[in-house]
Amino acid sequence: MSPHRVWSNNQRGSDGLVTAGGSHSLTDDSSESSIPPHPLGIKPLGNKYLYDGKDARESSGHLQVLPDELLSQVLEFLDSRSLRLLGYTCKFLFAFCLSDDVWKTIFLDSEFARKSSFTWQGSWRATVLGLTAEKRIRIDCNNVFSDVLHRPFVCSYISLKNYTANIPLLNEIDRFENLTYSEFTESWSNKPFILTKCIQDWPVCRSWNLETLHKLYSDVSFRAEAVDWSFSTYYQYMMDNHDESPLYLFDKKFAEKMKIEVGKGEGTAYWKPDCFGPDLFELLGPERPAHRWLIIGPERSGSTFHKDPNATSAWNAVIQGSKYWIMFPPSVSVPGVYVSEDSSEVTSPLSIAEWLLEFHAEARQLRECREGVCRAGEILHVPSGWWHLVVNIEAGIALTQNFVPRSHLADVLSFLRDRPEQVSGFKRDITDPYNLFAERLKAEDPELFENGLKELAEKQMAKKRRWDIVVGNHADEEQPAKKSGFSFGFGFGEGEDEDEIP
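This text gives an overview of the structure that appears in the document. (Residues numbered from 1 in each chain as written. Predicted model: local features only at pLDDT ≥ 70, side-chain atom pairs only at ≥ 80, totals over all residues. Heavy atoms only, no water.)

1. Structural notes on unusual backbone geometry
Outside of glycine, negative phi angles account for most residues, and trans bonds account for most peptide bonds.
Here is step 1: A positive phi angle, close to 55 degrees, is found at Lys259, a residue other than glycine.
Here is step 2: Looking at where Lys259 falls in the secondary structure, it is placed in the loop between helix 12 (254-258) and strand 9 (292-297).
Here is step 3: With a phi close to 60 degrees, Ala311 is a non-glycine residue in the positive phi region.
Here is step 4: Relative to the helices and strands, Ala311 resides in the loop between strand 10 (302-306) and strand 11 (313-328). (Helix = DSSP H or I, 4+ residues; strand = E, 2+ residues; numbered from the N terminus.)

This is the structure we're talking about:
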């Protein structure tokens, strides 16, 4: 748990917050603060210890015994009328009942979740209750002290430039104008990079921007995380929200919905870059898993740390705006990211802003860290298995596609065969993705398939040898084991792949 924040009145909106253990800076040394005062006057819990007035919590009756985290969860079980009425009982409960995180849950359980078009009123609460700006009540809650309420507010106002600028030289993602397929295969399929002159010929680079899409596709419904909204509604939300983690439009059926053609040819909107070569999942035809998406989002929207599905590689092309990326190779333990033993579950901070606040500085010190900003007209490569977090520095549009290059065939075969419970994106009637892909590949290019299996076997043998070294086993079982106790070493020999130890 983070230390309680202490924020004195004369520090409100300053560059940093004082904690009991010293200072914790939310921003850099810039004189311009990105954190305004909380609109209700709510303060971090630590400020309670410097306050000599009455704590608003004392007026909340029996509910004051509940920790703030539990109270917030309990409130999510109330309907909108009960939540509103409870908020009128005292300042402390008013502050909690006004929390937009609670109202977002109510929204998703209400009739609004089934609507495609409606008027967004600037917050989840105002939208559910139909409150225009002049009807929204404001009560001074300056004697309410809660990290649960104050921290999301801080996270929604942090200055991204303090994390996305001044990237250390050794961390910078390599940038090129373009690459050939042979250059990609021989040197770059296992590394992230940004290409600056690769997609300029795409028609969408000249014709798409947020205003144009709003005009052309206003009534078209797109997927934005847990909701399906018309672009008109999402556009309203995108331009007027203060969510800690804004909804991210991420739609896999955009081409059909927008009636655009993908691929080289007359009248097409865009096509995959030549440098990445053949995409082996194309052999699956209509049975391939979901692989391309339209991505639209406001500033601060994005994706927390993850690896792309099914051990695929990916490219991400920015059409408008700019995105900050921070990436790590598959075997690195990313600060603040905790992975289950079988890699099926990933636990990390709930929001991108929270990770940036708590772990960015530590992560940036790792020698494997790679960072970069991909701007409009540029495209970034995500190698198979790499951890990555991405956040929009400004509102924008991007196109992304997952693919299987020849150089990562063994990784994909291994994932499909050995982790069937983690395979995703296939239609429900595809019950055995590994054999489906293996049969198609064997029929199309049997030599490539056999080479892929051979490489997979070699990698697994290398892992086994490394594991034997770690646990002290020996190739010659007749030799007695040494009695020197457990030892661990990182020197597994030169020239071998740096895979994870199972």
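2. Structural notes on the side chain of Asn392
Here is step 1: Relative to the helices and strands, Asn392 is located in strand 16 (residues 387-403).
Here is step 2: Apart from residues no more than four positions distant in its own chain, Asn392 is found in contact with Leu160, Tyr248, Gly297, Pro298, Glu299, Arg300, Ser301, Ser322 and Lys323. (Contact = heavy atoms within 4.5 Å.)

3. Some words on the packing of aromatic side chains
Here is step 1: All chains considered together, the criterion is met by 34 aromatic pairs.
Here is step 2: On the numbers, 5.9 Å between centres and 50 degrees between planes, the contact of Trp124 with Tyr237 is tilted. Of this pair, Trp124 sits in helix 5 (residues 124-129) while Tyr237 sits in helix 11 (residues 231-239), and the two are 113 residues apart along the sequence.
Here is step 3: On the basis of relative accessibility, which here comes to 1%, the residue Trp124 falls in the buried class. (Phe/Tyr/Trp six-rings, centres within 6.5 Å; stacked < 30°, edge-to-face > 60°. Buried < 20%, exposed > 50% of the residue type's maximum accessible area, 1.4 Å probe, protein only.)

4. Things to note about the pairing of strand 11
Here is step 1: For strand 11, the buried fraction is high: 15 of the 16 residues fall into the buried class.
Here is step 2: Here strand 11 runs beside strand 16; their pairing, made up of 14 bridges, is antiparallel. Paired with Met327 across the two strands is His388, which belongs to strand 16.
Here is step 3: Bridging between strand 11 and strand 15 (residues 379-382) involves 4 bridges; their strand directions are antiparallel. Pairing of Asn316 across the sheet is with Leu380, part of strand 15.
Here is step 4: Sheet topology note: the strand 11/strand 14 (residues 370-375) ladder contains 6 bridges and is antiparallel. Across the sheet, Ser322 pairs through a bridge with Arg375, a residue of strand 14. (Pairing = 2+ DSSP bridges.)

5. Details of the pattern of salt bridges
Any two side chains of opposite charge can pair, given that their charged atoms come close.
Here is step 1: Enumeration over the complete set of coordinates arrives at 19 salt bridges.
Here is step 2: The partner of Asp55 in a salt bridge is Lys48, and the shortest N-O contact between them spans 3.2 Å.
Here is step 3: Residue classification places Asp55 among the buried positions, given a relative accessible area of 8%.
Here is step 4: Since its relative accessible area comes to 31%, Lys48 is described here as partly exposed.
Here is step 5: We note a salt bridge from Arg223 to Asp228, for which the minimum N-O separation is 2.5 Å.
Here is step 6: The network of salt bridges with common partners includes Arg151, Glu354 and Glu358. (Salt bridge = Lys/Arg side-chain N within 4 Å of Asp/Glu carboxyl O.)

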